[in-house]
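# A closer look at the structure
Listed here are the chains, written in short residue letters.
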Amino acid sequence: MTRDRSPLGLVGADAEAAFEITFDGRTLSALPGQSVAAALWAAGVLAWRTTRVGGRPRGAFCAIGQCYDCLATINGRPNRRACLVPARPGDAITTQEGDGHAGLTV
Amino acid sequence: MPDSPSEEGHATSYDLAVIGAGAAGLAGAVAADRLGLRVALLDSSGEVGGQFYRHPAPALGAVRPEALHHDWKAFAGLRRGLADSGVLHLAGHHVWTVAQDGELWAAHAVTGADGDGERPVCVRARTVLFATGASERHLPFPGWTLPGVVGAGGAQAMLKSGLALPGRRIVVAGSGPLLPAVAVSLAAAGARVPAVVEASGYLGYARSPAALAANPRKLAEAAAYGTALLRHRIPLRTRSAVTEVHGRDRVEGVTVCRVDRDWRPLPHTADRIACDALAVGHGLVPQIELATGIGCATRRTRDGAHALVLDAFQETSVRGLWAAGETGGVGGAPLARVEGELAGIAVAARVRGREALVRGSHARALRRRRDRMRAFATAMARAHAPGPGWTAWLDDATDVCRCEEVTAGTVREAVRDYGARDARSVKLLTRAGMGWCQGRICGAAVACLASPTGQEGGGQPALPPSPERRPLAVPVTLAALAALPPPNDRSHPSGHTPQKGPS
């Protein structure tokens, strides 16, 4: 039955110990070798950015670093492509609002 | 295989710089190395393999990475060849431009997982092989910006490398040979795939009987995917398209319509399918901005994309610059391997002055295989060429440009009321294509909407016959630019010069 299948089971993944990251303060589990976007998908999170004009939610779309829809604020630094950046233990990922530079507006 | 300039293999300059470590780049680098050239291989990813042979990072401990691939054996061979070679593999190097530098070519790269590293790098070489692969063609439709709508290739990439799925019930849609492969992978990894929705019909291939007959492996592959779809009980709907996605903050379902030969939705055929994700893509397009940036000539493919013009030995229109794989027209990994090897041999023949290399029986055999597979690639492009009628499923409120949030209505207004006749004019009037991705995602769609015939490629070439120009192929910080030596400064003659950015 397909219900018993999983990506990890399919490739026989015997990953090193999982670690914790946070998304908007919520603790999630990530595996070493996963990108930030993959860790978020695995936790059921599909959106981690709101658009500049409409404030609409966005997440990974092309997943190969071309579309920039997956921009996230990682450890306080905005505009990181979550599909490319590897997840690291203790990473704090926060939803990026607009261009991520609201703190610079005067 | 050295992987940093401090290790053995560091040279003042290289005979060949290969850009891209997918099937074509690996084959080219290894072939040139075996013929005695000093080769540097630059790749943006941390792992070799490109998009097709994407695989989990070692830390994920996958004992069966081949479960997500066919033809893994070929990749294992290429990877072994690289490991046994003297090729300098530079992972995490995002090349942003290739420029002429006296007698040499200079490949400028930013480093790090997302190019955000502090250390810009310049690699100088006598020749360059562009093996930069392809990216997915996307066409917009109402709801395509909702979280849960992802590229078909993107879903595949995230599964292959990150072992993650975007949902549990995933519709796969668009057009092209990638779709059945993606659906089977997703199902094998535990997702339910309620439908594969293909806008073309497979009968399109029948218009190229000679190409089919010459490529029996491709037919066997197609049959294998057909069997696998049946095994996973995945229905295939041809001549159909997802014309709308439903949901508030994420995907809850899609509307599928039958379409005519031109991909125009047929009335009263709408059918709703419940799902929590949609993996969608309308074929692949060559990624050639580095090559076009330095003046390499392009041609239109049968599906309206731009590909590099190449001679019988894979050289571009600019002497000293070669290309292989998808850059010359999308044709798949086996073709990319053959072309990469042929290019590697041709570069060695030029650099070492051994013209006999390209006249030998091996090079001749490679050329024959290349020509046979190229014929199939042409048939494939023709069979899945986007029909001009797709714009009929676009309502005026749909964002066409995802970055700048420019709607179809705004683009149509620029065309109708302000006289825009091409993507560039639309961009100047509306900002469509001016955002982060620089039109990579919306470019094809905007060009269609702006074209007087409403048709991108296919039939009459209504557009100016040139691809979009992107002088910087990836984002580059001002600090990285400031760290460059002046163009006439010859005080950095070394081939691989890490340049410290200002702190």
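The name given to chain B in an unreviewed UniProt entry is FAD-dependent oxidoreductase, with the source organism recorded as Streptomyces typhae.

Going by an unreviewed UniProt entry, chain A carries the name Proline dehydrogenase and comes from Streptomyces silvensis.

Residue and element names in this part refer to chain B. Of all eight residues making up strand 5 (residues 104-111), eight are buried, and the element is well covered by its neighbours. Residue alternation in strand 5 divides its side chains into two sets, Leu104, Ala106, His108 and Val110 and Trp105, Ala107, Ala109 and Thr111, and both sets are buried. Looking at chain direction, strand 4 (residues 93-101) and strand 5 are connected through eight bridges and run antiparallel. Each residue of the ladder has a partner; that of histidine 94, found in strand 5, is valine 110. What sits between strand 4 and strand 5 in their antiparallel hairpin is a turn of two residues, with glycine 102 showing a positive phi close to 65 degrees. The pairing of strand 5 with strand 6 (residues 121-130) spans five bridges and is classified as antiparallel. What sits directly across from alanine 109, in strand 6, is valine 121.

What follows covers the interface of chain B and chain A. If you look at the interface, chain B gives 46 residues, while chain A gives 45 residues. Listed by contribution, the elements that provide at least two residues to the side of chain B that touches chain A are strand 7 (134-136), strand 8 (149-151), helix 3 (152-162) and helix 4 (178-188) of chain B. With five residues, helix 3 of chain B is the single largest residue contributor to the side of chain B that touches chain A. Of the residues belonging to the side of chain B that touches chain A, the class tally is 27 nonpolar, nine polar and ten charged.

What follows concerns the UniProt feature "domain: BFD-like [2Fe-2S]-binding" (unreviewed entry) in chain B. The UniProt entry lists residues 400-447 of chain B under the feature "domain: BFD-like [2Fe-2S]-binding" (unreviewed entry), expressed in the numbering used here. The span residues 400-447 of chain B is 46% helical and 8% strand by assignment, and the distance between its end C-alpha atoms comes to 11 Å.

A packed helix pair is summarised by two numbers, namely the angle formed by the two axes and the spacing between the axes. All names here are of chain B. Here helix 12 (residues 423-430) crosses helix 13 (residues 443-450) at 100 degrees, and the two axes come no closer than 8 Å. Put simply, helix 12 runs roughly perpendicular to helix 13. Where helix 12 abuts helix 13, its residues Ala423, Ser425 and Val426 lie against Gly443, Val446, Ala447 and Ala450. Taken together, the residues of the contact of helix 12 with helix 13 sort by class into five nonpolar, two polar and no charged.

What follows is about the nonpolar core. Core analysis: the largest hydrophobic core is formed by 110 residues, its most contacted members being A:Ala37, B:Val172, B:Leu186, B:Val242, B:Leu278 and B:Val446. In terms of residues, this core owes the most to one element, helix 4 of chain B, which gives nine residues. The residues contacting B:Leu278, other than those within four sequence positions of it, are B:Gly148, B:Val149, B:Ile170, B:Val171, B:Ala173, B:Val242, B:Val245, B:Val251 and B:Val254. Judged by nonpolar contacts, the second largest core, of 86 residues, contains B:Leu82, B:Trp105, B:Val121 and B:Met373.

Right, let's talk about unusual backbone geometry for a bit. Residues and elements named next belong to chain B. Located in the positive-phi region is histidine 268, a residue other than glycine, with phi close to 60 degrees. Considering the arrangement of structural elements, one finds histidine 268 in the loop between strand 13 (253-258) and strand 14 (271-274). Despite not being glycine, glutamate 405 shows a phi value in the positive range, around 55 degrees. Secondary-structure assignment places glutamate 405 in the loop between strand 20 (399-401) and strand 21 (406-407).

Glancing now at the sheet that holds strand 5 (residues 71-74) of chain A. All names here are of chain A. If you trace the five strands from one edge of the open sheet to the other, you get 2-1-7-5-6, paired in mixed fashion. Whereas interior strands pair on both sides, the edge strands pair on one side only; in this sheet they are strand 2 (26-30) and strand 6 (77-81). Averaged over all pairs of adjacent strands, the angle between their axes in this sheet comes to 40 degrees, without regard to strand direction. Pairing geometry for strand 1 (residues 19-23) and strand 2, over five bridges, is antiparallel. The partner of threonine 22 across the bridge, within strand 2, is threonine 27.

The next subject is the environment of B:Gly162. Relative to the helices and strands, B:Gly162 resides in helix 3. For the pair B:Gly162 and B:His268, spaced 106 residues apart in sequence, the C-alpha separation works out to 40 Å. When residues no more than four places from it in sequence are discounted, the contact partners of B:Gly162 are A:Gln34, A:Ser35 and A:Ala38.

Residues and elements named next belong to chain B. Between helix 1 (residues 23-34) and helix 2 (residues 72-83), the shortest axis-to-axis distance is 9 Å and the interhelical angle comes to 40 degrees. Taken as axis vectors, helix 1 and helix 2 run oblique relative to one another. The element helix 1 and its partner helix 2 pack so that their crossing is left-handed. Across the interface between the two elements, Ala23, Leu26, Ala27, Ala29 and Val30 from helix 1 touch Leu78, Gly81 and Leu82 from helix 2. Of the residues assigned to the contact of helix 1 with helix 2, the class counts are seven nonpolar, one polar and no charged.

Reading the values: the criteria
Residues numbered from 1 in each chain as written. Chains lettered and ligands numbered in written order. Predicted model: local features only at pLDDT ≥ 70, side-chain atom pairs only at ≥ 80, totals over all residues. Buried ≥ 20, exposed ≤ 12 C-beta atoms within 10 Å, placed from the backbone. Helix = DSSP H or I, 4+ residues; strand = E, 2+ residues; numbered from the N terminus. Pairing = 2+ DSSP bridges. Contact = placed C-beta atoms within 7 Å. Nonpolar A, V, L, I, M, F, W, Y, C, P; charged D, E, K, R; others polar. UniProt positions renumbered as here; feature names shortened; annotations may be inferred. Axes fitted to C-alpha atoms, helices over the stretch in contact; angles between N-to-C directions. Parallel < 35°, antiparallel > 145°, perpendicular 65-115°, else oblique. Core = buried A, V, L, I, M, F, W, Y, C linked by C-beta atoms within 7 Å. Left-handed = near helix turned anticlockwise from the far one by under 90°.

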